[in-house]
Amino acid sequence: MIDPPSLVDQYCHGVLRTELGLGTFEAQLARTEGPPAPGTTLFDTQTGFAVRRWCPPLLGLEPHCPPARYLARRRELGTVEAGRRLLRGSGITAYLVDTGLPDDLTDPDELARAGQAEAHEIVRLEQLAEQVADTSGTVESFLANLAESVHGAAAHAVAFTSVAGLRHGLALAPEPPEAGEVRGAAGRWLAARVAGDRLTDPVLLRHLLWIAVASGLPLQLHAGLGAPGARVDRTDPVLLTDFVRATAGLGTDLVLLHGYPYHRHAAHLAGVFPHVYADCGAALVRTGARAATVLAEVLELAPFGKILFSSGARGLPELHVVGAHLFREALARVLGGWVSEGAWSLDDAQRVATMIASGNAARVYGLS
Amino acid sequence: MIDPPSLVDQYCHGVLRTELGLGTFEAQLARTEGPPAPGTTLFDTQTGFAVRRWCPPLLGLEPHCPPARYLARRRELGTVEAGRRLLRGSGITAYLVDTGLPDDLTDPDELARAGQAEAHEIVRLEQLAEQVADTSGTVESFLANLAESVHGAAAHAVAFTSVAGLRHGLALAPEPPEAGEVRGAAGRWLAARVAGDRLTDPVLLRHLLWIAVASGLPLQLHAGLGAPGARVDRTDPVLLTDFVRATAGLGTDLVLLHGYPYHRHAAHLAGVFPHVYADCGAALVRTGARAATVLAEVLELAPFGKILFSSGARGLPELHVVGAHLFREALARVLGGWVSEGAWSLDDAQRVATMIASGNAARVYGLS
Amino acid sequence: MIDPPSLVDQYCHGVLRTELGLGTFEAQLARTEGPPAPGTTLFDTQTGFAVRRWCPPLLGLEPHCPPARYLARRRELGTVEAGRRLLRGSGITAYLVDTGLPDDLTDPDELARAGQAEAHEIVRLEQLAEQVADTSGTVESFLANLAESVHGAAAHAVAFTSVAGLRHGLALAPEPPEAGEVRGAAGRWLAARVAGDRLTDPVLLRHLLWIAVASGLPLQLHAGLGAPGARVDRTDPVLLTDFVRATAGLGTDLVLLHGYPYHRHAAHLAGVFPHVYADCGAALVRTGARAATVLAEVLELAPFGKILFSSGARGLPELHVVGAHLFREALARVLGGWVSEGAWSLDDAQRVATMIASGNAARVYGLS
């Protein structure tokens with residue numbers, strides 16, 4: 001009864017183009033610091049079990065079939081055809097795609113065609129800055145080109161995204177850095193840099209955030225789970241509180257991605273600040289059979305008009321599928337449960353489901 | 001089967017006396033940093049949905065009716081009559097009322113009459129100090145008058161409450177400040193102060209805590225959610241650990257209010273320290289349909305003799321209603337579930353329900 | 001349908017040998033900073049209720065019988081016979097026993113005989129160091145004897161355990177201390193020390209961790225709940241992240257014990273680092289009727305091959321019983337629920353149940 005008609009995946013990546021063996025497929029199921037321990041496999045995780053539940057039927061197999069059998073069928077169909085069947089079985093009608101990963105993944109247009117859906121680009125600030133650095137000779141040209149690139153990206157992208165939390169932690173000074181500071185940091189970075197070096201300088205990360213804020217485009221901030229070996233408490237969204245306050249009233253929306261295991265904190269910020277939104281999707285792919293609970297925890301404090309679905313998928317179309325199915329099922333179970341207890345009316349539940357699945361994203365990102 | 005016969009609301013405020021339109025009513029549903037985002041409303045929150053569930057029937061309407069219809073009916077009855085019907089429908093038999101807000105809210109006697117219940121005063125330490133500062137000319141007279149005011153309040157109030165956590169954060173030095181420090185801080189504060197200025201100096205906040213501890217009256221400490229734009233981690237009750245240890249054995253009980261999203265930490269302190277109690281109510285009003293889970297999380301570590309119900313309601317009698325109904329229902333569902341699983345006996349469940357609903361509060365606050 | 005055939009309790013202690021009265025029994029139900037508050041009892045806790053649920057039937061009484069009746073029956077049988085009946089009713093087939101408590105508790109052999117089970121020793125590093133200090137005259141002999149003792153213990157023990165988190169907090173410098181630092185810290189500690197003094201020096205605590213890591217034996221680290229009056233955030237396993245990274249690839253497994261209320265953080269580390277494992281047992285004894293939820297929270301991020309059962313029991317055989325029964329029941333409810341929702345296959349659920357109950361522990365600790 002509670003089944004939103006369409007899903008906007010407000011944050012994901014493209015998929016790998018290559019054939020995948022059992023080991024290379026398994027390695028995409030989680031972000032880890034090394035191969036699985038002897039005697040263990042990443043298929044024995046919530047994500048692995050969720051993939052085995054939802055994906056085999058889309059390729060003509062029974063749910064929960066063994067990984068080797070699934071991979072054999074996937075190879076039989078070929079990466080392209082398997083990807084088409086999976087993406088078209090996800091129910092996702094629009095993908096917002098972060099194109100800023102170094103991996104060779106399909107671009108938004110390819111994802112759109114494969115999935116028979118819309119796709120829009122999200123520009124990753126740090127990667128943009130690294131590209132500009134690769135082609136700028138001086139500090140002055142770097143900063144000018146960066147400003148121009150952000151301006152240019154704002155014309156075609158639907159959002160910016162920042163991984164400052166994963167690169168440095170979210171305990172960043174909340175105010176914009178002074179121009180002199182920025183020039184100094186840029187000079188040091190460019191001087192020490194070899195092509196391909198990643199941007200981790202906190203002054204430049206803050207500079208990027210503030211030029212993105214000035215663009216008016218929604219700004220997505222990674223929080224919670226992300227860089228596997230880093231201290232997860234350094235990405236607690238509560239650390240963004242002062243930055244959030246500093247950006248209030250400027251007309252730019254902030255979207256807190258992921259959040260888990262601090263998703264209740266992200267929901268709190270979405271409840272307090274008019275310009276803050278909370279993601280409720282990427283954590284579901286990680287927590288699988290627990291998706292309903294994790295979703296419900298976001299629904300405690302976040303106003304229902306401030307919650308956005310995403311899959312956070314990367315590399316495997318299976319992750320888009322799992323993100324979408326776990327979300328739909330969790331939403332139906334959580335909201336349906338509240339309806340059957342009498343806590344919510346059915347009308348309200350259906351209205352809220354549509355808001356979270358697509359309506360809020362359409363409003364925030366200006367989708368038609 | 002599990003339905004406590006009476007409820008002591010161990011922490012709430014009075015209600016507004018004025019007629020409320022849709023917008024002014026909505027603004028009371030949450031503490032935020034600004035008006036709702038375009039396209040969103042605070043009615044679309046757990047609190048908003050809970051109000052629409054529980055309150056319309058008390059005014060003769062169907063549950064979940066639209067906000068505009070509810071507000072129209074409320075105006076038709078008038079603020080006073082609507083308030084009477086709501087409060088009398090809450091099942092609350094005693095209100096402990098924090099009178100220290102600047103808003104024009106009904107006082108404990110008015111609340112008692114409207115709700116046909118008992119009411120007792122909780123004195124807010126910071127507001128008491130601000131009132132004393134308004135009428136004291138020198139540091140010496142300020143400190144003497146403050147001591148006398150606390151002493152006087154202890155004679156008629158049932159508890160003190162401190163918002164030191166919301167004003168400064170709970171990372172306060174745990175020991176009492178030295179007399180010289182207090183005089184210095186008081187001097188600086190009084191010299192810089194204009195009438196109405198709020199007390200935020202950490203030395204004076206600690207001084208207040210310790211003169212309250214010396215009074216022997218239970219001391220309620222705000223923790224977790226509270227000041228909307230502040231960093232919520234600064235009110236994690238774990239930050240009170242050293243203060244709690246410093247006050248052990250002095251004969252004064254400490255009550256940790258709210259706690260969410262750190263309510264498991266508050267429950268832990270209530271489990272470890274004989275003089276610490278945990279509130280389990282105010283978070284329910286905020287989390288609505290999730291109340292049973294949040295209550296159950298408090299019930300993990302807090303001994304059942306150390307848990308107290310409150311509504312935390314402020315401004316709207318609807319919030320007293322919602323607090324009471326969500327609590328009763330959550331209690332029945334959580335404890336009833338444990339009984340039906342065989343984990344608890346029915347006798348134990350009924351006994352614990354009565355303790356949390358009223359018995360513990362009666363013992364801690366010396367109610368008859 | 002989901003009922004693992006055997007249980008390895010990967011972390012527990014022995015039991016008291018003395019007869020216990022109502023008060024001495026009650027005092028074993030929780031670690032607190034003082035006797036229960038007036039009007040309250042530690043029987044009115046999740047642990048107390050779980051003991052009353054699971055243990056009376058093993059002694060021929062009805063579940064939930066009053067504490068006084070249970071204690072009378074226990075005395076009637078005698079401590080030894082009651083202990084035998086309880087331990088044999090727990091379903092635990094192997095106990096890994098931390099022998100490093102000062103209390104007079106049964107040793108692993110006695111526990112094995114009483115419970116008709118295997119038992120293996122876990123050596124507590126800090127206690128080992130204290131014993132060595134009691135018998136070493138100089139810094140050089142202390143450090144040499146310590147190295148030899150750890151080496152010797154590694155030959156017969158199945159694991160080391162460290163309570164550095166409870167003694168100092170887990171915010172320890174991640175790298176091994178320099179030899180000169182260690183000698184300096186040892187000199188200061190030995191000079192100031194009187195026999196029986198506990199080791200709390202952070203340099204020596206780190207030295208112990210690193211000589212244990214060098215032994216190759218699994219190293220258990222206490223995290224989360226533990227020292228009752230200490231700040232629980234100082235034992236958040238997230239604080240171990242840098243130490244975990246520093247020990248990656250050295251061939252020594254790390255097992256995070258307890259974890260609650262930060263068990264999601266422990267599960268995250270177990271998911272990211274191949275050599276990290278997460279305990280899922282001790283928290284269940286503390287949270288009783290909430291065990292299924294707490295277990296499910298661990299199952300969100302921890303790979304299923306990285307989760308280990310323990311009771312964490314100490315002093316009372318009732319706690320071994322409760323640990324085992326709560327775990328089995330929680331496992332059956334959580335995994336069974338996922339099977340009935342279609343999220344997991346029954347085969348997978350049974351396989352994972354066996355892994356967590358005993359298979360993972362057998363592999364990590366090299367049990368036959």
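Residues numbered from 1 in each chain as written. Chains lettered and ligands numbered in written order. Predicted model: local features only at pLDDT ≥ 70, side-chain atom pairs only at ≥ 80, totals over all residues. Heavy atoms only, no water.

**Q** Which residues make up the interface of chain A and chain C, and what values go with them?
**A** With 34 residues of chain A in contact, the opposing surface of chain C contributes 34 residues. Along the contact surface separating chain A from chain C lie 5 salt bridges. Between A:Asp44 and C:Arg351 there is a salt bridge, with the nearest N and O atoms lying 2.9 Å from each other. Looking at the side of chain A that touches chain C, the elements with two or more residues in it are α2 (46–54), α13 (282–287) and α14 (291–301) of chain A. (Contact = heavy atoms within 4.5 Å. Salt bridge = Lys/Arg side-chain N within 4 Å of Asp/Glu carboxyl O. Helix = DSSP H or I, 4+ residues; strand = E, 2+ residues; numbered from the N terminus.)

**Q** How would you explain the interface of chain B and chain A if you had to name every residue and give the values?
**A** Listed by partner, the interface residues are 34 residues for chain B and 34 residues for chain A. Here chain B and chain A share 5 salt bridges between them. Counting every contact that joins chain B to chain A gives 16 residue pairs in polar contact (both at pLDDT 80 or more). The element best represented in the side of chain B that touches chain A is helix α2 (residues 46–54) of chain B, accounting for 4 residues. Residue composition of the side of chain B that touches chain A, grouped by class: 13 nonpolar, 10 polar and 11 charged. (Polar contact = N/O pair within 3.5 Å; in protein donor to acceptor, adjacent residues only side chain to side chain. Nonpolar A, V, L, I, M, F, W, Y, C, P; charged D, E, K, R; others polar.)

**Q** Which residues make up the relation of the copies chain B and chain A, and what are the values?
**A** Relative to chain A, chain B is turned by 120° and slid 0.0 Å along the rotation axis, the superposed coordinates differing by an RMSD of 0.0 Å. Both chain copies can therefore be described as sitting about a three-fold axis. Of the C-alpha atoms belonging to chain B, the one lying closest to the rotation axis is found on B:Thr293, 5.7 Å away. With a heterologous cut-off of 20% or less, the 3% of interface residues of chain B that recur at the interface of chain A puts this contact in the heterologous class. (Least-squares fit on C-alpha atoms with pLDDT ≥ 70 in both.)

**Q** Talk me through the pattern of salt bridges; I want residue IDs and the actual numbers.
**A** Residues and elements named next belong to chain A. Under the definition given, this model contains 70 salt bridges over all chains. The salt bridge involving aspartate 348 is made with arginine 351; its shortest N-O contact spans 3.1 Å. Here arginine 351 and aspartate 348 lie together in helix α16 (residues 346–365), a separation of 3 residues that amounts to about one turn. Since its relative accessible area comes to 6%, aspartate 348 is described here as buried. (Buried < 20%, exposed > 50% of the residue type's maximum accessible area, 1.4 Å probe, protein only.)

**Q** Can you lay out helix α9 (residues 179–192) of chain C for me, pointing to particular residues and giving the numbers?
**A** All names here are of chain C. End to end, α9 covers 20 Å across 14 residues, agreeing with the expected 20 Å (1.5 Å per residue, within 8%). Within α9 the residues assigned to the buried category are Val182, Ala185, Ala186, Trp189 and Leu190. For α9, the angular spread of the buried residues around the axis is 125°, confining them to a single face. Opposite its buried face, α9 presents the exposed residues Arg188, Ala191 and Ala192, each directed more than 90 degrees away. Elements in contact with the buried residues of α9: α6 (125–135), α7 (139–156) and α10 (202–215). (Expected span 1.5 Å × (residues − 1). Arc of directions from axis to C-beta.)

**Q** Go over the relation of the copies chain A and chain C, please, and point to the residues and values.
**A** Here the two chain copies are tied together by a rotation about an axis and a shift along that axis. Between chain A and chain C, the superposition needs a rotation of 120° and an axial shift of 0.0 Å, giving an RMSD of 0.0 Å. An overlap of only 3% is found between the interface residues of chain A and their copies at the interface of chain C, pointing to separate contact surfaces.

**Q** Explain the pairing of strand β6 (residues 254–258) of chain B residue by residue, including any values.
**A** Moving residue by residue along a regular strand, the side chains alternate between the two faces of the sheet. Residues and elements named next belong to chain B. Among the 5 residues in β6, 5 count as buried, and that is most of the element. As paired elements, strand β5 (residues 219–223) and β6 share 5 bridges and run parallel to each other. Bridge pairing in β6 places leucine 221 opposite leucine 256. Between β5 and its parallel partner β6, the chain crosses via helix α11 (residues 241–246), and the hand of that crossover is right-handed. Chirality of the crossover, the property in question, places the unit of β6, helix α12 (residues 263–272) and strand β7 (residues 276–279) among those that are right-handed. (Pairing = 2+ DSSP bridges. Right-handed = clockwise from strand over helix to strand, strands pointing away.)

**Q** Which residues make up the UniProt feature "domain: Amidohydrolase-related" (unreviewed entry) in chain A, and what values go with them?
**A** Residues given the UniProt feature "domain: Amidohydrolase-related" (unreviewed entry) here are residues 182–367 of chain A. With 55% helix and 9% strand, the stretch residues 182–367 of chain A has end C-alpha atoms that lie 34 Å from each other. (UniProt positions renumbered as here; feature names shortened; annotations may be inferred.)

**Q** Describe the side chain of C:Arg264, listing the residues and the values that go with them.
**A** Summarising the element assignment, C:Arg264 is placed in helix α12 (residues 263–272). Take C:Arg264: its relative accessible area is 11%, and that puts it in the buried class. With near-sequence residues (within four places) excluded, C:Arg264 lies in contact with A:Tyr260, A:Pro261, A:His263, A:Arg290, A:Val294, A:Glu297, C:Glu297 and C:Glu300.

**Q** A description of the pairing of strand β7 (residues 276–279) of chain A should follow, citing residues and the corresponding values.
**A** Residues and elements named next belong to chain A. By the alternation rule, side chains of β7 split into Val276 and Ala278 and Tyr277 and Asp279, which are all buried. Bridge analysis of strand β6 (residues 254–258) against β7 gives 3 bridges, and the strand direction is parallel. What sits directly across from leucine 254, in β7, is valine 276. When β7 meets strand β8 (residues 307–308), the two strands line up parallel, connected through 2 bridges. Of the residues in β8, the one forming a bridge with aspartate 279 is leucine 308.

**Q** Now, about the environment of B:Tyr277: what can you tell me, with residues and values included?
**A** Position of B:Tyr277 among the secondary structure elements: in strand β7. Among the residues examined, B:Tyr277 registers a relative accessible area of 2% and is labelled buried. Separated by 230 residues in the primary sequence, B:Tyr277 and B:Thr47 place their C-alpha atoms 25 Å from one another. Apart from residues lying up to four places away in sequence, B:Tyr277 is in contact with B:Asp253, B:Leu254, B:Val255, B:Leu256, B:Ala270, B:Gly305, B:Lys306, B:Leu308, B:Arg363, B:Val364 and C:Ala37.

**Q** Tell me what's going on with the nonpolar core, and back it up with residues and numbers.
**A** Judged by nonpolar contacts, the single largest core of 384 residues is most densely connected at A:Leu335, A:Trp344, B:Leu335 and C:Leu335. Among the elements that make up this core, the one with the highest residue count is helix α15 (residues 317–341) of chain A (12 residues). If we skip the residues at most four places from it in the chain, A:Leu335 touches A:Ile2, A:Leu299, A:Trp344, A:Ala349, A:Val352 and A:Ala353. (Core = buried A, V, L, I, M, F, W, Y, C linked by side-chain atoms within 4.5 Å.)

**Q** Outline the sheet that holds strand β8 (residues 307–308) of chain B, supporting the account with residue identities and numerical values.
**A** All names here are of chain B. Pairing in this open sheet of 8 strands is parallel, and the strands run β1-β2-β3-β4-β5-β6-β7-β8 from one edge to the other. Strands with a single pairing partner mark the edges of an open sheet, and in this sheet they are β1 (7–12) and β8. This element, helix α15 (residues 317–340), spans β1 and β2 (92–98) of the sheet and lies at about 130° to β1. (Axes fitted to C-alpha atoms, helices over the stretch in contact; angles between N-to-C directions.)

**Q** Could you give an account of the packing of helix α3 (residues 67–77) of chain A against helix α4 (residues 79–88) of chain A, naming the residues involved and the relevant values?
**A** All names here are of chain A. Axis separation between α3 and α4 bottoms out at 5 Å; the angle between their running directions is 110°. Taken together, the axes of α3 and α4 are roughly perpendicular relative to one another. Seen from α3, the contacting residues are Tyr70, Arg73, Arg74 and Leu77; seen from α4, they are Thr79, Glu81, Ala82, Arg85 and Leu86. The residue makeup of the contact of α3 with α4, split by class, is 4 nonpolar, 1 polar and 4 charged. (Parallel < 35°, antiparallel > 145°, perpendicular 65-115°, else oblique.)

**Q** Summarise the sheet that holds strand β6 (residues 254–258) of chain C; cite the residues concerned and give the values.
**A** All names here are of chain C. An order of β1-β2-β3-β4-β5-β6-β7-β8 is seen for the 8 strands of this open sheet, with the pairing classed as parallel. Two strands bound the open sheet, and with one partner strand each, they are β1 (7–12) and β8 (307–308). As judged from the 3 bridges shared by strand β4 (residues 159–162) and strand β5 (residues 219–223), these two strands associate in the parallel manner. The residue bridging phenylalanine 160 from the neighbouring strand is leucine 219, located in β5.

**Q** Hey, could you go over helix α10 (residues 202–215) of chain A for me, with residue numbers and the actual values?
**A** Residues and elements named next belong to chain A. Between its first and last C-alpha atoms α10 spans 20 Å; for 14 residues at 1.5 Å apiece the expected length is 20 Å, and the two agree. Within α10, 10 of the 14 residues are buried, which leaves the element mostly enclosed by the surrounding structure. Inspection of α10 places Val203, Leu204, Leu205, Arg206, His207, Leu208, Leu209, Trp210, Ala212 and Val213 among the buried residues, and these make up the whole buried set. For α10, the capping residue at the N-terminal end is aspartate 201, with a side-chain oxygen 2.9 Å from the backbone nitrogen of valine 203.

**Q** Help me get a handle on unusual backbone geometry, residues and values and all.
**A** Residue A:Tyr260 is joined to A:Pro261 through a cis peptide bond whose omega torsion reads 0°. Assignment of secondary structure puts A:Pro261 in the loop between β6 and α12 (263–272). You will see that A:Gln116, though not glycine, has its phi angle at about 45°, which is positive. With a phi angle near 60°, C:His258 is a residue other than glycine that sits in the positive phi range.

**Q** Tell me about the environment of C:Ser149, and name the residues and values.
**A** All names here are of chain C. Note on placement: serine 149 falls in helix α7. A C-alpha to C-alpha distance of 9.7 Å links serine 149 and glutamine 131, two positions 18 residues apart in sequence. Apart from residues lying up to four places away in sequence, serine 149 is in contact with Leu128 and Val132.

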